[in-house]
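Examining the three-dimensional arrangement
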Amino acid sequence: MREARPNKIPRPTVIFKHKPPLPKAPIPPSPSSHPPPAAVADTTASLRRVSPPPPSAGRTGRAQMEKREVSARGDEEGATAAAAAAAVGEAEAEVNPWEVSGKIDYDKLIDKFGCQRLDRSLVDRVHRLTSRPPHVFLRRGVFFAHRDLNEILDAYERGDKFYLYTGRGPSSEALHLGHLVPFMFTKYLQDAFKVPLVIQLTDDEKCMWKSLSVEESQRLARENAKDIIACGFDITRTFIFSDFDYVGGAFYKNMVKVAKCVTYNKAVGIFGFTGEDHIGKISFPPVQAVPSFPSSFPHLFHGKDHLRCLIPCAIDQDPYFRMTRDVAPRIGYHKPALIESSFFPALQGDTGKMSASDPNSAIYVTDSAKDIKDKINRYAFTGGQDTKEKQRLYGANLEVDIPVKYLSFFLEDDDELEHIRTEYGSGRMLTFDARAAVTDEMVDAFMAVRPLPSMFG
């Protein structure tokens, strides 16, 4: 039965990506447990520290400060400023695979896309089935929506296997913290369920959407693979591939099957293509769809065509997989299940997501501890007041404070996070101050087309 199709979706950005060269180098041992990437540890350390607010820290949050001061003293001029800020915040958000902007209402997004809210009962069930504490991204609702996660858990409970699929569109030299979120969570799922993982690097997609040559797209895919590997994935259960290097054979056959099931009008309705878009863009969606089908990887899943797939991704990728789920039963496959995250906010504020196209909005895994501290101090939108006296009196608006939001992603200790929120929100705490070494041989090993004999072990 086809799923109810949500309203027309604006145009897309891509999160699932793929990888390059695949020489059959010897497979080095890969650490089963990796510390968090250095950028995450350095960011958390910088955010934990507190100091008087730098002169610029209150500037970005001034509209919110004005709003609070209005309620305290009825300042008419402040009320006007607060109303203007509220009007800007009400601007309609744009969420699709190629663009995320505006203030996101995630409840409305769930309704629009037609997915389901990930409730506490599912989090508890993951805990029970894996005998592992839920990941911080589950506990705090970073991954907040899903499609058929319950069916994956039903199958797992019956003893059936599944595999994971996620990806990256390589458009920058290094990953930033927003890019790390799905990979950190996917590593948790791989370790908890002991299942194989395929990671797609869509170097072809970035070549078509960005001003990048084929060669540059391939180079960036390989560089991004290093950051992904540094998250600590198990090499005996992980296959990373780039589209330029891997697409063909069984993978391409599945692409053709999908393409025949999706009309041009349907593609326009889902992705918002226009007459100005070249045909490469229109032909791309099947490329991101077919890693959902096990027969696309005969060297991994030969004879396992009914293996289920779970896709951890940000919710802007949902249009691709609504299309995929509509087609899958028509060509003999299970619908892929999804578990979807909210967006990691840019330094300048919670209107959109951290983006590689604006270096000042992002913290990269290659940034030094000093770079991270400087970016947070200089650019982070704060809900704190612009003077110590006002901060003591009114406290901070935690709903808009970026340092607090970042801590909610990466600070593992729930008690410490709650302490910070309480102290900072009440005014007793002042405004916050604000890759692992991976060799080419390790990249070659992860990207080698090879069987994974222990992938379900």
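So, a few notes on the structure that sits alongside this text.

Conventions we followed
Residues numbered from 1 in each chain as written. Predicted model: local features only at pLDDT ≥ 70, side-chain atom pairs only at ≥ 80, totals over all residues. Heavy atoms only, no water. Helix = DSSP H or I, 4+ residues; strand = E, 2+ residues; numbered from the N terminus. Buried < 20%, exposed > 50% of the residue type's maximum accessible area, 1.4 Å probe, protein only. Contact = heavy atoms within 4.5 Å. Pairing = 2+ DSSP bridges. Axes fitted to C-alpha atoms, helices over the stretch in contact; angles between N-to-C directions. Phe/Tyr/Trp six-rings, centres within 6.5 Å; stacked < 30°, edge-to-face > 60°.

**Digging into the side chain of Asp148**
Looking at where Asp148 falls in the secondary structure, it is placed in the loop between β4 (143–147) and α8 (149–157). Residue Asp148 is classed as buried on the basis of its relative accessible area of 18%. Discounting chain neighbours no more than four positions away, the residues touching Asp148 are Gln116, Arg325 and Ala337.

**Let's talk about the sheet that holds strand β5 (residues 162–168)**
Adjacent strands of a sheet form backbone hydrogen bonds with each other and so pair up, either parallel or antiparallel. Spatially, seven strands are ordered β3-β4-β9-β8-β5-β6-β7 in an open sheet, and the strand pairing comes out mixed. Here the strands that pair on one side only, and so sit at the sheet edges, are β3 (116–117) and β7 (238–242). For strand β6 (residues 197–201) and β7, the ladder comprises five bridges, and the chain directions are parallel. The residue bridging Leu197 from the neighbouring strand is Thr238, located in β7. Its contacts with the sheet place helix α11 (residues 214–229) against β5, β6 and β7, and it is angled at close to 145 degrees to β6.

**Notes on the packing of aromatic side chains**
Scanning the entire structure with this criterion turns up 30 aromatic pairs. A ring pair is formed by Trp98 and Trp209, whose centres lie 4.7 Å apart and whose planes are at 15 degrees; its orientation type is stacked. With a gap of 111 residues between them, Trp98 in the loop between β1 (94–96) and β2 (99–101) and Trp209 in helix α10 (residues 203–209) connect regions that are remote in the sequence. Taking the centre distance of 4.5 Å and the plane angle of 10 degrees together, the rings of Phe293 and Tyr333 count as stacked.

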